[in-house]
Each structure stands twice: as C-alpha cells, then as structure tokens.
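Here are the chains, one letter per residue:
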Amino acid sequence: MSETTNTNEEKKKPPLNGRRALPPNNSNDEENEVPEMEAFGLIPRGFNPKDYLRVVDIHMFKEPHEINKQQHHTDKYYSPKLIVRRGQPFQIQIDFNRPYKPETDHFWLEYLIGRYPQQNKGTYIPILVGDVLKPGEWGAKITHKENNSIHLSIMSSATCIVGKFRLYVAVWTPFGILRTQRNSAIDTYILFNPWCQQDAVYLDDEKEREEYVLNDVGVVFHGNINDLKVRSWSYGQFEENILDACLFLMDKAELELSGRGNPIKICRVASAVINSRDDNGVIAGSWDNTYTYGVPPSAWTGSVDILLEYYSSKQPVRYGQCWVFAGVFNTFLRCLGIPARLVTNYSSAHDNNANLQLDFFLDDEGKLDTKITKDSVWNYHCWNEAWMTRPDLPVGFGGWQVVDGTPQETSDGMYRCGPASVQAIKHGHVCFPFDAPFVYAEVNSDIVYSRREKNGTQVIEKIDTTHIGQLIVTKEVGGDGMMEITEEYKFQEGSAEERLALETAVMYGVKKQTTQDTRYQPQMDVDMDFQMQKAVLGSDFKVTITFKNRSHNYYTATVYLSGNIVFYTGVTKMEFKKHTFSVQLKPSSSSAFDVVIKSSEYMSDLLDQASFHFFVTARINETGKILATQKVMVLEIPALRIKTKGEMVADKEMSVIVEFTNPLKQTLENVTLRLEGPGVLRTMKKEFRQIPANSTLIWELKCIPKRPGLRKLIASLNCNALRHVYGELNIQIQKP
C-alpha cells in the first residue's frame, strides 16, 4: 500500500522545467501546506508552545453592516467572507490567550495566494506591526488594546494582486515560529479600488463610481440607426458565487497570479476567455439562427445564470451574440472593481482586411454580388469600455479603453480585442497596443460600391463616407436614458481634425486603398433616397423611393429594390423581395414611388431580431450611371407586461405577474418565459406549450425580495417564431 501512495504523490508533482525553479503560479484556487510549527533547529525537551503568546480567535468584521464592507463599498456582495479594496485600510481584531506585551512578544501577519507563494512575486506578503500606515503600501498598526485583544488597522498595497488571500498569524518563539491553523473563514478578497488615488482604476467622480462599479443592472441599446431599441440587462455582480466565478475565469485563462494587479493584463486575457473560441471560454457564439441544445442569445436576461453555469460545468455556455458577450464582460469587470460600461456602435464595420473600406461588389445589373462581398456592416455592435491608467503608453491615453469579448478577428493568434485607448482611436494614433486599427475601422470605414464591367475594368459607383459609426452610445449615469459618446471616438464628420486623424492612422499603418486607379464619376444632378414605414411584426408596410432631378435634362431610370432578411451582423440570409420598375424623372422636379411589402412575403423566414436590409439601385439610362443606397429596418416587436401585487417589503413574500398577448396570425408553440431581478428573485423559467393567435398568457409567481431599495425586474419571452420580446419594471422594495 505504501508504495502506491508514494507514486501518487509523485504524480501530483508538476514536471520539472529547466527554465524556472518553480512551476507557474496561475491558480487562485490552489494552496500550499503551511506548517503550524516551523522549528529553527532541534527543539529542547521541556519546550511547551503553550508558554508563548497564542492566538485564540480572529474577528474580521465582515458583515455587510460592519465597518469594513461599509467603508470599502463591498456591502452588496452576497458573500460571508471579508471583501476589501486595495490601497485602503481595513480593521481586524485578534484575541490572544493573555494580554499582548510588545516588549517581549513578536507576531506578524502573513497573506498568501496560490500554490507557490513567493515574496518577490507579491504572492507571499509578511506584514510586521508598525507605528504608522503609509498610504498605498502594505502595513499594520495597533489601534486599540483591551484585555487579551488587540485591534489592528491593515493597509494593503494599491498595486497588489486582486484575488482571494489566505491569512495566517505567526508568533515568534526562541525555538521556532508558531502559526494559526488554516481557516477559510478568514480568507480575504482584495479587489480593485476606484476610490483610491494610487489605484490604476481610480475614478474621481462619485456618481460615475456608483454607476460604473456599483450598479448591478444596465441597459443595452440595439436595433439600428433608424430605429434605436433598448432592453435591460441584469449584471448581478454582487450575487452569490459570482465573485468566485470571476476569479475562476482568470484561473481558466492561466493568468499568472503576479499579473493580477494589472487591469491591462486582466482585460486582455478576459476578452479572450469570455468567448469560447480557441480556449473553451465562457460563451459559445452562434449567429446562424439555429440554437439547438442551448439557449437562444435573445432569451438571456442577465449574466448571472451564464457565469454560474460556466463555473459549475467548466464548459462553454450556449449561446451568445455581441450584447451577451458584452453583458457578461461588464459583470466581470465591475465585480473585480474595474469601472466599466457597455457601449453600442450603430452601423459597425466588420472589415475583413482592415483597409478602412468595406467593399460592396455589384454585378452588371446593379445587384449586390454576395459571393465576392466579404465585408459586412453590423446594424449595431456592442463592446465594453474599462477605465484605467495606461502607464505602458505615452501620457494622455489613459481613461476609457475599448475591450471586446465578441470573437470577430484574431489578435496575436487568439480571438480577443483590446484594451485600446479611446483617445488614441479618436486621434488616429493606432500604433499603440492593443488592436486599435481594428476598432478604428469599426467606427471609421468608408463603404465603396464598385461594379466590374464586361471588359473587366472596375468602376466605382459610389463612396459613402458617413454610413459607418454614425452613432456610438452608452447608458447615462444615474438613469436609463441614452448618452451619446460618438465624439469620444471621432471628430465631426468632414472637419479638418477628422481628416488629420485619418492621415495619422494611415501613417501608422492602417491600410487605406486609394480610389485614384479606378474611374469614379458619380451622377451629380440626381438624388435618390428611400424611407420605410414603421411597422409591427406581422403587418404589411411600404417602402417609398424618392428622386430629385436637379438638372434641366429629362431622365429615365431603371430601379431595382432588393429586400433581404439579415442577421443583425449585416450578413444576408435570403432575398425575400425583388422588384424592378421604370421611372421617368422630369427636369427640376421630385417624384416618389411606393413598393408594398406584405407580411406573407417575410414571416416564414424572419430571423431573431426582425431585421431587413433594403438595397435600392437605379441606373440612369441616358448616362449609364448608377445611384445606390441601402438601409436597415427593424420591425417593432411587442413587449411583455410586468405587474406586482400586494406590498413590496424586504424578507416578505410578494407576487409578480407577467402578461403577453400574441400579436401574430399564428399560434406560438413551445414558449419559454424568463424572469429575474438582482436582490429580488433568482432567475425563474416557465414553459408554455401554446399561445393561440391574439390570446393572452398570464404567469403569476411568488418571491421574497432580499434587499430594500430601487430594484428592477427583467423578463424575456422566446419561441421559434418570436424572439427578442422583453419587459421590465422598476420597483421600490421597502425596509421591513
């Protein structure tokens, strides 16, 4: 038997590596054995440890209402352990077996993290008791002595590792060091501290800290530039086990513990581990409208379910799209204490070869050639901004940094993006890490429509310089409204500064093809545009095409309208409407033409977000020139209604009612409802077999809210025929 245990022990040992004395220390979860008695040499007979100072108990003051969690803004975390922020003092009390005598008694504290603690890596931190605390450096001082107890104020370093530390108290005796036993109840979580000036994530505005660190719900702007839509998302960064799940993500990404005090490194590895590409990360993306064996992206109402499922199964959670990646990333950042916000860029370029132009190829009839057009415009794309200093860049590029967990293109061989300085993107300084050229292209590309003629020459029919990155928004501070931040990313369209920033970006290696080598002489004297009538899902609507002939010539034109059902990423699923007609354009006059779109033409193939992409091209017969324009339209999707019944008091049962009326001309089958609200109720799910046309579903459920204050309930409904149905309700929970 003894032999087998021996080999098992050996198996556990990591393989030796000729390059480093110790294996990599990249798991917060693993521990080492710490001896309770560390002898200096031979111990004489008659040595009795009980004769020396002995620790009887340690009090961490870790309840939400006690001093530490109150002062460190961590009272909302649903965790029984002590959670503090770095660079700011916290209090503990040690009870000894007798009064502490500073002349003869020597003790110190030890904080350890990971399996191979080392002092020079910041993973083993011995703290001696001194007279003063230096701001932002590890230290401890006695603030109060009473009977056998002492009160200590402990300062952590403003740059220390963020994670879960183990605490030991060590007492010196002439023959060896006596330590307290391993006790997980006194483990201490140390987080980033936006309230501390020496911390890299320091944010000086209290209202912004409350929003970007402490707010556990937010909103996601989606839809498209002509029809902005909004939905709520529950971040839930304080919910039970979420902090542990976020620390696990860094273990999963194998980020060396010594690098975990650096927000730049944390953001970079997190942007890779949020998606499942190449590292089995948190969320598997799916953009093809088939979500077998998983939850459709539109059904999620928040991050908590996703993170907890990943934490327990260690397998990617299916399925996500950009706002899901961004929502979970935001939870991760806020949970660790890095100020973060979710940002939406409308008409976002996905430029495959990063040449700052999206190439749309038309065939000789003026229709889009989908076989050779590889670039796409996303109706919207969500990413995150995280707030931090950038000591690795020249002065002035700190502040908001773009980080993106949605897998689009690889960066240094992995699907990740950022952190890229927003300020550097605005000024075109895209030479600075990380991934600034890709983000620059997402907000600044031009759309070039070109057509290959019969003889093979490429003719550019139109260059649209204003379509991409028209509007960049985030949730306002302290409310659910929209705050436009387009000017944080780019100068006024057409301004001298904007041209200069572009030239700078090109100088720093952003490829921009010139249009000199191709013929480009657009038709200047005729304007074409079109409008789409707002419509509810399941109804008919019309598209109106308008022409303005500003010349003195009489023109005739052949007009082609193509209606496509698209993914919100701008990728076409199918063309559902083709309509060609001829028009006559009288000199110096305007004319309008209507095309009716029937619900029967689109309902059977509609995707998730009910998006249409209309292309209109017109050839002026007299000159052979082409006018081209495109727009996206999103149908109105009916909402869920949420109501409450009875009084709403913390720790008392209350009722929530969710209602929905089916607006379609068909029965909805296999419908799933979800409801959640941080601090009010855990996510609840209910399945309904059928909801006939025009009938109303009612779901009533009971819950016991945990925390008083203003809270939000968020619901979603999903079935194959109808997705992206949401509802929400703000409720005030009274104190008991």
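Just so you know, these numbers come straight off a predicted model, no measurement behind them.

### Quick word on unusual backbone geometry
Consideration 1: A cis geometry characterises the amide bond from R318 onward to Y319, with omega recorded as 5°.
Consideration 2: Residue P419 is reached from G418 by a cis peptide bond, and omega for that bond is 0°.
Consideration 3: Inspection of the secondary structure assignment puts P419 in strand β22 (residues 417-421).
Consideration 4: The phi dihedral of K314 falls on the positive side, at around 60°, and the residue is not glycine.
Consideration 5: Structurally, the position occupied by K314 is in the loop between α6 (304-313) and β15 (317-320).

### Considerations on the packing of helix α4 (residues 242-252) against α6
Consideration 1: In the contact formed by α4 and α6, the axes pass within 9 Å of each other and the chain directions differ by 55°. With respect to their mutual orientation, α4 and α6 come out oblique. In this structure, the crossing between α4 and α6 has a hand that is left-handed. Contacts between α4 and α6 involve I242, D244, A245, C246, F248, L249 and K252 from the first element and V304, L307, L308, Y310 and Y311 from the second.

### Quick look at the environment of A39
Consideration 1: As for its placement among the helices and strands, A39 is situated in strand β1 (residues 37-39).
Consideration 2: Sequence spacing of A39 and N280 is 241 residues, and the spatial spacing of their C-alpha atoms is 45 Å.
Consideration 3: When near neighbours in sequence (up to four residues on either side) are disregarded, A39 contacts F175 and G176.

### Observations regarding the UniProt feature "binding site: Ca(2+)" (unreviewed entry) in the chain
Consideration 1: Per the UniProt record, "binding site: Ca(2+)" (unreviewed entry) is annotated on N444, D446, E493 and E498. Considering the C-alpha atoms alone, the annotated residues occupy 55 residues of sequence yet fold into one spot, their largest mutual distance being 13.5 Å.
Consideration 2: For N444, the position within the fold is in helix α9 (residues 436-444).
Consideration 3: The buried category is assigned to N444, whose relative accessible area is 14%.
Consideration 4: Residue contacts for N444: discarding those within four places in its chain leaves I468 and K490.
Consideration 5: Structurally, E493 can be placed in the loop between α10 (486-489) and α11 (496-507).
Consideration 6: By relative accessible area, E493 is classed as partly exposed at 35%.
Consideration 7: Apart from the residues lying within four places of it in its own chain, the contact partners of E493 are T465, T466 and E498.

### Quick look at the nonpolar core
Consideration 1: Formed by 66 residues in total, the largest nonpolar core has its most connected members in L243, W323, F332, L333 and L336.
Consideration 2: In terms of residue count, the dominant contributor to this core is helix α7 (residues 322-336) (11 residues).
Consideration 3: Mapping this core onto the domain boundaries places at least three of its residues in each of domain 1 (37-191) and domain 2 (208-508).
Consideration 4: Setting aside chain neighbours within four positions, we find W323 in contact with V220, R231, W233, P297, S298, L342, Y380, C382, Y568, Q609 and H724.
Consideration 5: Of all hydrophobic cores here, the second largest spans 62 residues; its members include M532, V543, F688 and I731.

### Some points on the domain arrangement of the chain
Consideration 1: On domain assignment, one finds that the chain holds domain 1 (37-191), domain 2 (208-508), domain 3 (526-634) and domain 4 (641-733).
Consideration 2: Inter-centroid distance (C-alpha atoms) of domain 2 to domain 4 is 30 Å.
Consideration 3: Counting residues at the interface gives 22 residues for domain 2, matched by 18 residues for domain 4.
Consideration 4: Both faces considered, domain 2 and domain 4 share a buried interface measuring about 1,800 Å² in area, 46% of it formed by carbon and sulfur atoms.
Consideration 5: Looking at the side of domain 2 facing domain 4, the largest losses of area belong to S232, S298 and T301, adding up to 29% of the total buried there.
Consideration 6: Measuring nitrogen to oxygen at the nearest pair gives 2.4 Å for the salt bridge that ties D480 to K712.
Consideration 7: If you look at where domain 2 meets domain 4, you find 13 residue pairs in polar contact (both at pLDDT 80 or more).
Consideration 8: Going through the elements one at a time, β12 (217-224) and β13 (227-234) are the ones with two or more residues in the side of domain 2 that touches domain 4.
Consideration 9: Looking at the side of domain 2 that touches domain 4 element by element, the count peaks at 4 residues for β13.

### Regarding the sheet that holds strand β36 (residues 668-677)
Consideration 1: Strand order in this open sheet of 4 strands is β37-β36-β39-β40, and the pairing throughout is antiparallel. The outermost strands of the open sheet, each flanked by one partner alone, are β37 (681-691) and β40 (722-733). Each neighbouring strand pair of the sheet contributes to a mean axis angle of 15°, computed without reference to strand direction.
Consideration 2: Here strand β39 (residues 709-719) pairs with β40 via 10 bridges, running antiparallel.

### Brief notes about the side chain of E461
Consideration 1: Residue position: E461 is located in strand β24 (residues 458-464).
Consideration 2: Residue classification places E461 among the buried residues on the basis of a relative accessible area of 6%.
Consideration 3: Within the local environment of E461, its side chain forms a polar contact with the side chain of R451, the two groups lying 2.6 Å apart.

### A word on the sheet that holds strand β35 (residues 654-661)
Consideration 1: Taken in spatial order, the 3 strands of this open sheet run β34-β35-β38, and their pairing is antiparallel. If you trace the sheet from one side to the other, it starts and ends with β34 (641-645) and β38 (696-703), each paired once. Along the sheet, successive strands turn relative to each other by an average axial angle of 20°, direction set aside.
Consideration 2: In terms of strand pairing, β35 meets β38 through 8 bridges, oriented antiparallel. Bridge pairing in β38 links E659 to I698.

About the thresholds
Residues numbered from 1 in each chain as written. Predicted model: local features only at pLDDT ≥ 70, side-chain atom pairs only at ≥ 80, totals over all residues. Heavy atoms only, no water. Helix = DSSP H or I, 4+ residues; strand = E, 2+ residues; numbered from the N terminus. Axes fitted to C-alpha atoms, helices over the stretch in contact; angles between N-to-C directions. Parallel < 35°, antiparallel > 145°, perpendicular 65-115°, else oblique. Left-handed = near helix turned anticlockwise from the far one by under 90°. Contact = heavy atoms within 4.5 Å. UniProt positions renumbered as here; feature names shortened; annotations may be inferred. Buried < 20%, exposed > 50% of the residue type's maximum accessible area, 1.4 Å probe, protein only. Core = buried A, V, L, I, M, F, W, Y, C linked by side-chain atoms within 4.5 Å. Domains from an automatic or database assignment. Buried area = accessible area lost by both parts, 1.4 Å probe. Salt bridge = Lys/Arg side-chain N within 4 Å of Asp/Glu carboxyl O. Polar contact = N/O pair within 3.5 Å; in protein donor to acceptor, adjacent residues only side chain to side chain. Pairing = 2+ DSSP bridges.

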